[in-house]
Amino acid sequence: MAISREAAEMIGLQAVAWLAGEDELLPVFLGATGASEAEFRTGLSDPGFQGAVLDFILMDDAWVRGFCESHDLGYEAPREARALLPGGGEVHWT
């Protein structure tokens, strides 16, 4: 099912909020991206930052399941949302 850009941004915001509440996972994200906690807080409403958070969550099936189950979303929702946020176009490896 296709989602709207507005729905994608809502899922992105939910992903940032979910990650903020994951005490063991948030430091992994901050370490991987080099973002500070202050930058994390200021990036909440930035669709580009939300896309980066979704990219991170999409790296691990357990993270996808945890996020989706906590927000009653289908497992495909993060990928669909990511595709609509800045920098989220489908990558075609050749």
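See above for the structure.
Help me understand the pattern of salt bridges, please; the structure alone is not making it clear to me.
Taken as a whole and assessed by the stated rule, the structure comprises two salt bridges. One salt bridge in this structure joins Glu9 and Arg5, with 2.9 Å as the shortest N-O distance. Remark: Arg5 and Glu9 occur in helix H1 (residues 5–20); sequence separation between them is four residues, near one turn of the helix. A salt bridge links Asp55 to Arg82; the nearest nitrogen and oxygen atoms lie 2.7 Å apart. A residue pair is termed long-range when its members are at least 10 positions apart, and Asp55 in helix H4 (residues 47–57) and Arg82 in helix H6 (residues 77–84) qualify at 27 residues.

Quick question: what am I supposed to make of the packing of aromatic side chains here?
Where two aromatic rings form a pair, the distance of their centres and the angle of their planes describe that pair. This model, assessed by the stated rule, comprises six aromatic pairs. Arranged with centres 5.2 Å apart and planes meeting at 75 degrees, the rings of Phe29 and Phe56 form a pair that is edge-to-face. One end of the pair, Phe29, is in helix H2 (residues 26–33); the other, Phe56, is in helix H4, and 27 residues separate them in sequence. Judged by its relative accessible area of 1%, Phe29 is buried.

Procedures and definitions
- Residues numbered from 1 in each chain as written.
- Predicted model: local features only at pLDDT ≥ 70, side-chain atom pairs only at ≥ 80, totals over all residues.
- Heavy atoms only, no water.
- Salt bridge = Lys/Arg side-chain N within 4 Å of Asp/Glu carboxyl O.
- Helix = DSSP H or I, 4+ residues; strand = E, 2+ residues; numbered from the N terminus.
- Phe/Tyr/Trp six-rings, centres within 6.5 Å; stacked < 30°, edge-to-face > 60°.
- Buried < 20%, exposed > 50% of the residue type's maximum accessible area, 1.4 Å probe, protein only.

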